[in-house]
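# Survey of secondary and tertiary structure
Chain residues, written in single-letter form:
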Amino acid sequence: MFGWGDRCYYTNRNAGTWLMLRAAIFPTESVLHVAGVNRPLDQYFRSSTIVRIMISRQGADQMSKYIANQFRITDGALTVAADGLYPNSIFFEAKGSYYFPKTSNNWTARVLRKSGFPISTFYSITSGNVVKQAARHGEVIQKH
């Protein structure tokens, strides 16, 4: 699982309104959240809506290259930013600044578009909209 977002807000388990507004208004440093998932997604993300989508091998390669290019590399290595939100997860420093409308939901839509999946980044303001767009061309396997 990959996610991208504002460094201060995303890595803070007790982030409040001020950090959310700061992230939306001011360009801020970003991080990538990487979680290794070793069991079925519906067990790992029990309170999330999960949509299965189909992409080609070539699409998966393009998407992987795009994600790999989002990591900030310093002296040839990834830089750990913080412990992750889930077991078996970690935050790494990322390229690019976070600000509205360049949000985590928009990032997710951009990643999916790199695979050739028909999703609009323009309508990707909320996670609900990203899920709704994905469900149009995929299969909802868990709804929350």
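See above for the structure.
In this convention, every chain numbers its residues from 1, walking through the sequence in written order. Restriction of local features to residues with pLDDT of at least 70 applies here, the model being predicted, together with a cutoff of 80 or more for giving and counting side-chain atom pairs; totals for whole chains, interfaces and linings are based on all residues. The basis for the side-chain values is all heavy atoms of the structure; hydrogens and waters are excluded.

### What about the side chain of Glu93?
Put simply, DSSP marks the helices as runs of H or I at least four residues long and the strands as runs of E at least two long, and each gets a number from the N terminus on. With respect to the helices, strands and loops of the structure, Glu93 is situated in strand 7 (residues 89–98). To sort residues, take the accessible area from a 1.4 Å probe on protein chains only and compare it with the maximum for the residue type: under 20% means buried, over 50% means exposed, and anything in between is partly exposed. Since its relative accessible area comes to 19%, Glu93 is described here as buried. Within polar-contact distance, the side chain of Glu93 engages the side chain of Arg7 at 3.2 Å. Other than its neighbours up to four places away in sequence, Glu93 contacts Arg7, Ser30, Phe71, Arg72, Thr79 and Ala81. Residues adjacent in sequence count toward polar contacts only when both atoms are side-chain atoms; beyond that, a polar contact is any pair of N or O atoms within 3.5 Å, and within protein one must be able to donate a hydrogen and the other to accept it. Should any heavy atoms of two residues lie within 4.5 Å, those residues are counted as being in contact.

### Some points on the nonpolar core
Ranked by size, the top nonpolar core spans 13 residues in total, and within it Trp4, Leu32, Ile67, Phe71, Trp107 and Val111 carry the most contacts. Secondary-structure elements contributing two or more residues to this core are strand 2 (28–35), helix 4 (57–68), strand 7 and helix 5 (104–114). Setting aside its immediate chain neighbours within four residues, Leu32 contacts Gly3, Trp4, Ile67, Gln70, Phe71, Ile90, Phe91, Phe92, Ala94 and Trp107. Here, nonpolar core means buried Ala, Val, Leu, Ile, Met, Phe, Trp, Tyr and Cys residues that are tied together by side-chain atoms lying within 4.5 Å of each other. Grouped together as the second largest cluster of nonpolar side chains are 7 residues, Val51, Ala109, Ile119 and Val130 included.

### Some words on the sheet that holds strand 1 (residues 2–6)
When DSSP finds two or more bridges between a pair of strands, those strands are recorded as paired. Here 4 strands make up an open sheet; going across it, the order is 1-2-7-6 and the pairing antiparallel. A strand with exactly one partner marks an edge of an open sheet, and here the two such strands are strand 1 and strand 6 (80–83). Across the sheet, the axes of successive neighbouring strands diverge by a mean angle of 35°, strand direction being ignored. Both strand 1 and strand 2 contribute to a ladder of 5 bridges, which runs antiparallel. The axes used here are C-alpha line fits, helices contributing only the stretch in contact, and every angle between their N-to-C directions lies in the interval 0 to 180 degrees.

### Let's talk about the packing of aromatic side chains
Here is the rule: rings of Phe, Tyr and Trp (six-membered ring for Trp) pair when centre to centre is within 6.5 Å. Planes less than 30 degrees apart are stacked, more than 60 are edge-to-face, and the remainder are tilted. All chains considered together, the criterion is met by 7 aromatic pairs. Between the aromatic rings of Tyr44 and Tyr86, the centroid separation amounts to 5.9 Å while the plane-to-plane angle is 65°, which identifies the pairing as edge-to-face. Taken together, the residues Tyr44 in helix 3 (residues 41–44) and Tyr86 in the loop between strand 6 and strand 7 connect sequence positions 42 residues apart. Judged by its relative accessible area of 10%, Tyr44 falls in the buried class. Residue Tyr86 is classed as partly exposed on the basis of its relative accessible area, which comes to 31%.

### A word on a nonpolar patch on the surface
Judged by side-chain polarity, Tyr9, Trp18, Met20, Leu21, Ile25 and Phe26 come together as a nonpolar surface patch covering roughly 650 Å² of accessible area. The element best represented in the nonpolar patch is helix 2 (residues 17–25), accounting for 4 residues. Examined against the element boundaries, Phe26 turns out to sit in the loop between helix 2 and strand 2. Patch membership requires over 30% relative accessible area and the absence of a salt bridge. Like charges are linked within 9 Å, and nonpolar side chains (Val, Leu, Ile, Met, Phe, Trp, Tyr) within 5 Å. For the accessible areas, the method is Shrake-Rupley and the probe is 1.4 Å, while residue cover comes only from the protein chains on display. Any Lys or Arg side-chain nitrogen found within 4 Å of a carboxyl oxygen on Asp or Glu counts as a salt bridge.

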